[in-house]
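Structural characterization, general
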Amino acid sequence: MSKVLIIDDEQKLRQLVGRIIGVEGEGFQVLEAESLKSARTILKQQDVDVVLCDVKLPDGSGLHFIETIKQLQPFSEVILFTAFGNIPDGVSAIKSGAFDYLTKGDDNQKIIPLLHRASEKVTLAKRVAQLEAKAFKKYAFENILGSAPLLLKAIELSKKVAPLETSVLLLGETGTGKEVFANAIHFASQRQNRNFVAINCSAFSRELLESELFGYRAGAFTGALADKKGLVEEADKGTLFLDEIGEMAIDLQAKLLRLLESGEYLKIGDTRVSKVDIRVIAATNRILETEIDNGHFRPDLYYRLSTFQLRLPALRERAGDIPQLANVFAQSFAMKIGRKELTLSKAYVEHLQLYNWKGNVRELKNVVERSVITAPGNELQIEDLPQEITHLMGQTASGSSIFSLAAMERAHIRKVWDLTGGNKTETARLLEIGLSTLYRKLEEYGLK
Ligand SMILES: Nc1ncnc2c1ncn2[C@@H]1O[C@H](COP(=O)(O)OP(=O)(O)OP(=O)(O)O)[C@@H](O)[C@H]1O
């Protein structure tokens, strides 16, 4: 039910308008005030959606009162009553931020449609504000799970850089939360009310990436029937998140560098330069210095982007955060699919902590969600983990303890083996054991 406040010192007019709304305006509740003073009291106490206000009142001007109304009720809309034939008043009303104006006594049939339009605008504005608040909360730094020192350091640095206009380069393995951080930085910046536009550079061919990013003019190529806006334009005044920047073709990198330095770019098929004001956050799981050495990445772009580098830790570097992450993922997924609250057995969690997590938080989330679907009981057990994990962990079918020395040895060999990229000689050297012992252990632990 929308609330309408009528402010007019003429009781007859208030009653007439109140009656019209009462008879024809379903869904409106009417409040009345005979002066600005009593209107102020009502606006302080109640949620009002639309205000119908006279221009001339005994204690002041309705025109000037618009500002007070907006201060007290930021979402409300104001419709002013102007005297017959007083066009300047109508014009001033709109200029002062009124939704519209009605000519007293002459526009009675317009009241209801206008009220509906104004209250629809109010409902929409409230809805948008609600969604924004939800988005802000969802992407807030507070929602980044974990308390490992490496993660806390990354959060602290991100909070410092967020309010600045500086470009940010996020480094980290796949699934470590680079997009989560990019979002949090955007929503903690002055650009928070503008668009956050994300694109994964590895998901497009060179040509498609250029047209997605920069847009094109009609006729630029066969099939370009109409002008197309690019994501860069969508992100104007906001933030552009370029994921997997290391995959961008080198000639496009030149275009991106120009955009970063001057805000200027050329749409495909355009001769006129376009200009935007964007902040760029880029991310990569590659080592860009190596890409530069191999001629795949422009050093000038690297220096421009890497003013502020942030490295996100791999999950295995913050295994202490796994219990919290797993628990939150399990509970929120259980709720989503309508399962009762679950507990996670000690062995289940410890098992998760010993795994290598190449896919990091994303992989952990998927594994836990899978367990929530398949677990027969209300406590997640080792048996609810996929075989790849239990197998890799050295968990035997008989369920021998993950705390056995053998399990720890297996996990350690696995780690060193991964570190050397599967190089057996190097693995044996680092482990300070002979190559033949390594072969035997690899065989024994099923690590081939
Ligand atoms: N610290 C965290 N707290 C909560 N959820 C997280 C955290 N880090 C990552 N996630 C979740 O893990 C998943 C992967 O995160 P995200 O997409 O940000 O990773 P990424 O590093 O950008 O991956 P990629 O390099 O593959 O694009 C998402 O579902 C995200 O919500």
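Rules and cut-offs
- Residues numbered from 1 in each chain as written.
- Predicted model: local features only at pLDDT ≥ 70, side-chain atom pairs only at ≥ 80, totals over all residues.
- Heavy atoms only, no water.
- Helix = DSSP H or I, 4+ residues; strand = E, 2+ residues; numbered from the N terminus.
- Rg over C-alpha atoms; globule rule 2.2 N^0.38 Å.
- Contact = heavy atoms within 4.5 Å.
- Areas by Shrake-Rupley, 256 points an atom, 1.4 Å probe, with all protein chains shown as cover.
- UniProt positions renumbered as here; feature names shortened; annotations may be inferred.
- Phe/Tyr/Trp six-rings, centres within 6.5 Å; stacked < 30°, edge-to-face > 60°.
- Buried < 20%, exposed > 50% of the residue type's maximum accessible area, 1.4 Å probe, protein only.
- Domains from an automatic or database assignment.
- Near = heavy atom within 4 Å.
- Polar contact = N/O pair within 3.5 Å; in protein donor to acceptor, adjacent residues only side chain to side chain.
- 1 Å grid on protein atoms, 1.4 Å probe; cavity = no way out; pocket = protein on both sides within 12 Å on 5 of 7 lines; lining within 4 Å.
- Sits in = over half its atoms within 2 Å of the grid points.
- Nonpolar A, V, L, I, M, F, W, Y, C, P; charged D, E, K, R; others polar.
- Patch = residues over 30% accessible without salt bridge, like charges linked within 9 Å, V, L, I, M, F, W, Y side chains within 5 Å.
- Salt bridge = Lys/Arg side-chain N within 4 Å of Asp/Glu carboxyl O.
- Lys, Arg positive; Asp, Glu negative; His and termini not counted.
- Charge placed at Lys NZ, Arg CZ, Asp CG, Glu CD.
- Pairing = 2+ DSSP bridges.
- Axes fitted to C-alpha atoms, helices over the stretch in contact; angles between N-to-C directions.
- Arc of directions from axis to C-beta.
- Core = buried A, V, L, I, M, F, W, Y, C linked by side-chain atoms within 4.5 Å.

By the naming in an unreviewed UniProt entry, the protein goes by Sigma-54-dependent transcriptional regulator and is assigned to Sphingobacterium bambusae.

Once that is clear, we can look at the overall build of the protein. Helix and strand content of the protein: 19 helices and 16 strands. Against the 2.2 N^0.38 benchmark of 22 Å for 448 residues, the protein shows a C-alpha radius of gyration of 31 Å, more extended than a compact globule. Based on the C-alpha atoms only, the size of the protein along its principal axes is roughly 105 × 60 × 40 Å. The long-range share in the protein, meaning contacts at least 24 apart out of those at least 6 apart in sequence, stands at 68%. Of the roughly 23100 Å² of accessible surface on the protein, a fraction of 53% belongs to carbon and sulfur atoms.

This chain's UniProt record puts "domain: Sigma-54 factor interaction" (unreviewed entry) on residues 144–373. For residues 144–373, the helix share is 43%, the strand share is 13%, and the end-to-end C-alpha distance is 24 Å.

Applying the stated criterion to the full structure yields six aromatic pairs. Between Tyr-216 and Phe-221, the aromatic rings sit 4.8 Å apart at their centres with planes inclined by 70°, giving edge-to-face as the arrangement. Residue classification places Tyr-216 among the buried residues on the basis of a relative accessible area of 13%.

Once that is clear, we can look at the domain arrangement of the protein. Often, the extent of an interface is quoted as the loss of accessible area upon association of its parts. According to the domain assignment, the protein contains domain 1 (2–131) and domain 2 (141–311). Spacing between the C-alpha centres of domain 1 and domain 2 amounts to 46 Å.

Close to the ligand lie 16 residues; Leu-145, Thr-174, Lys-178, Asp-243 and Arg-362 are nearest. Residue Thr-174 places a side-chain N or O atom 2.6 Å away from an oxygen atom belonging to the ligand. Gly-177 is positioned with one of its backbone polar atoms (N or O) 3.2 Å from an oxygen atom of the ligand. If the ligand stood free it would expose 630 Å²; the protein chains cover 85% of that surface. Comparing atom positions with the cavity grids shows the ligand to sit within the largest pocket. Across the shell around the ligand, the residue classes tally to five nonpolar, four polar and seven charged.

Together, Arg-127, Lys-134, Lys-138, Lys-336 and Lys-365 line one region of the surface with positive charge. In terms of residues, the positive patch owes the most to one element, helix α5 (residues 108–138), which gives three residues. Residue placement: Lys-138 occurs in helix α5.

Pairing in this open sheet of five strands is parallel, and the strands run β2-β1-β3-β6-β7 from one edge to the other. Each having just a single partner strand, β2 (28–33) and β7 (100–103) make up the two edges of the open sheet. Each neighbouring strand pair of the sheet contributes to a mean axis angle of 20°, computed without reference to strand direction. Two elements, strand β1 (residues 2–7) and strand β3 (residues 50–54), share four bridges in a ladder whose sense is parallel. From the neighbouring strand, Ile-7 faces β3, where its bridge partner is Cys-53. Across the sheet, helix α3 (residues 62–72) lies against β1, β3 and β6 (77–82), angled at about 170° from β6, the strand it touches most.

All right, on to helix α4 (residues 87–95) then. Each turn of an α-helix holds 3.6 residues, which means side chains three or four residues apart point in the same direction. Listing the buried residues of α4 in full gives Asp-89, Gly-90 and Ala-93. Along the axis of α4, the buried positions cluster into a sector of 100°, meaning they face one direction only. For α4, exposure combined with an orientation more than 90 degrees from the buried face picks out Ile-87, Pro-88 and Lys-95. Contacts from the buried residues of α4 go to β4 (56–57), α3, β6 and β7. Gly-97 occupies a position one or two residues after α4 and carries a positive phi of about 100°.

What follows concerns the side chain of Lys-255. Within the secondary structure, Lys-255 is located in helix α10 (residues 250–262). Judged by its relative accessible area of 18%, Lys-255 is buried. Apart from residues no more than four positions distant in its own chain, Lys-255 is found in contact with Glu-210, Phe-214 and Leu-266.

This part covers the pairing of strand β8 (residues 168–171). Neither face of β8 is open: one carries Val-168 and Leu-170, the other Leu-169 and Leu-171, and all of them are buried. Inspection of the sheet shows β8 paired to strand β13 (residues 279–284) by four bridges, in the parallel sense. Directly across from Leu-170, in β13, lies its bridge partner Ala-283. Where β8 meets strand β14 (residues 309–311), three bridges bridge the pair, whose relative direction is parallel. For Leu-171, the partnering residue across the bridge sits in β14 and is Arg-311.

The subject of this paragraph is the nonpolar core. Counting 30 residues, the largest nonpolar core has Leu-213, Val-232, Leu-240, Leu-242 and Ile-245 as the members making the most contacts within it. Those elements that provide at least two residues to this core are β8, β9 (196–200), α8 (206–214), α9 (231–234), β10 (239–243), α10, β13 and α12 (299–305). Per-element accounting of this core gives the leading share, five residues, to α10. Discounting chain neighbours no more than four positions away, the residues touching Leu-242 are Ile-199, Cys-201, Leu-213, Leu-256, Val-280, Ile-281, Ala-282 and Ala-283. Ranked by size, the runner-up nonpolar core spans 25 residues in total, among them Ile-322, Val-361, Val-367 and Val-368.

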